[in-house]
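Coordinate analysis (summary)
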Amino acid sequence: MRKQIAAANWKMNCTYHQAESLLNDVLQSKISLKPHQAAVFAIPFPYLIMANSLIGSQTNCFVSAQNCHHKPSGAYTGEVSAEMIRSVSVRHCIVGHSERREYFNETNQQLAEKLDLCLKYEITPIFCCGEPLPVREEGTQNAYVEKQLRESLFHLSAEAMGRVVIAYEPIWAIGTGKTATTEQAQEIHAFIRSVIAEKFGEEAAQNLSILYGGSVKAGNAADLFGSPDVDGGLVGGASLVAADFVQIINALKS
Ligand code: PGA
């Protein structure tokens, strides 16, 4: 089975001590991840080293950055590069979250550059895509998402594509309490997989983990993750409550 992933996206939340105790609470719960399952914690930059040492050798648990800059290094005050992230032994990074696209004007072209840098430093990018509400209401979400994939991913080789995780996150479902229905999630995940199959081949598409994000909760995770093309979730709000995130991890396909 392809990798099933529960990824926590803490966004800009938690002080150092809150972060430490939240992560400890999750790690000390009885999460037993099977070889095809993983829990990923995308946490603020200042806590990456602490989190890596807390996780230690706990199997299939990984720390992730939430972003990296699209240039390799240089005069970009306040920014963090993929190489820096790798240098503190962090091997995952969210790329192109809709909040970054919206508030920091990240373009598909810049995201393509971020993906290249992540892959160069052997960091697994969790590439986010997804449409805003007017696009969903118009029914043109497939074309919208396909354009995001084409402009950020299609320059990759099939080998490089094999190291990418995709997170489909409809913007209208993020932090709104409005979740896509399992049918809506399955339908667009299957579409994303078909786009990848057409460009990179059936094997690459079948091995690709496609996560769903947007108001995933302890109560709806099992239903969402039960769909054949939904390989786990990228979870914001509910990942800030240890017991809820543990339930979400336990909802991964076994
Ligand atoms: P949410 O956020 O779970 O709070 O909707 C998801 C995300 O933005 O990754």
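No experiment lies behind these values; they were computed from the predicted model shown. Numbering of residues starts from 1 in every chain and runs along the sequence as written. The model is predicted, so local features are restricted to residues of pLDDT at least 70 and side-chain atom pairs to those at 80 or more, both for listing and for counting; the totals for chains, interfaces and linings are taken over all residues. Processing note: side-chain calculations cover all non-hydrogen atoms of the structure and skip hydrogens and water entirely.

Take empty space enclosed by the protein next. Put simply, the grid is 1 Å and covers the protein atoms alone, a cavity is a trapped set of points that fit a 1.4 Å probe, a pocket is an open set with protein on both sides within 12 Å along at least five of seven lines, and lining residues have an atom within 4 Å of a point. Grid points are joined across faces, edges and corners, and a volume is the space filled by probe spheres set on the points. Using the criterion set out here, one finds one cavity of 30 Å³ or more in the structure. Put simply, the largest cavity is a space of about 40 Å³. As for the largest cavity, its lining consists of Gly96, His97, Ser98, Arg101, Cys128, Cys129, Gly130, Gln148, Glu169 and Ile171. For the purposes of this entry, the term helix denotes a DSSP run of H or I that reaches at least four residues, the term strand denotes a run of E that reaches at least two, and both are numbered from the N terminus. Looking at the lining of the largest cavity, the elements with two or more residues in it are helix H4 (98-103) and strand S5 (124-129). Side-chain classes follow a simple rule in which Ala, Val, Leu, Ile, Met, Phe, Trp, Tyr, Cys and Pro form the nonpolar group, Asp, Glu, Lys and Arg form the charged group, and the remainder, Gly included, forms the polar group. The class makeup of the residues in the lining of the largest cavity is three nonpolar, five polar and two charged.

Mapped onto the fold, Met161 is located in helix H8 (residues 158-161). Between the C-alpha atoms of Met161 and Leu208, which are 47 residues apart in sequence, the distance is 8.4 Å. The contact definition used throughout considers only heavy atoms, calling two residues in contact when any of these lie within 4.5 Å. Other than its neighbours up to four places away in sequence, Met161 contacts Leu153, Leu156, Ile166, Ile196, Phe200 and Leu208.

With that out of the way, let us pick up the layout of surface pockets. Taken as a whole, the largest pocket holds about 490 Å³ of empty space. Along the walls of the largest pocket sit 17 residues, with Lys11, Met12, Gln66, Arg100 and Phe104 positioned nearest its centre. Residue contributions to the lining of the largest pocket peak at three residues, all from H4. Per-class residue counts for the lining of the largest pocket are eight nonpolar, five polar and four charged. In this model, the second largest pocket occupies a volume close to 330 Å³. His92, Thr124, Gly162, Arg163 and Val165 are the residues nearest the centre of the second largest pocket, which is lined by 20 residues in total. Listing elements by their share of the lining of the second largest pocket, those giving two or more residues are strand S2 (37-42) and helix H10 (202-207). Per-class residue counts for the lining of the second largest pocket are 11 nonpolar, five polar and four charged.

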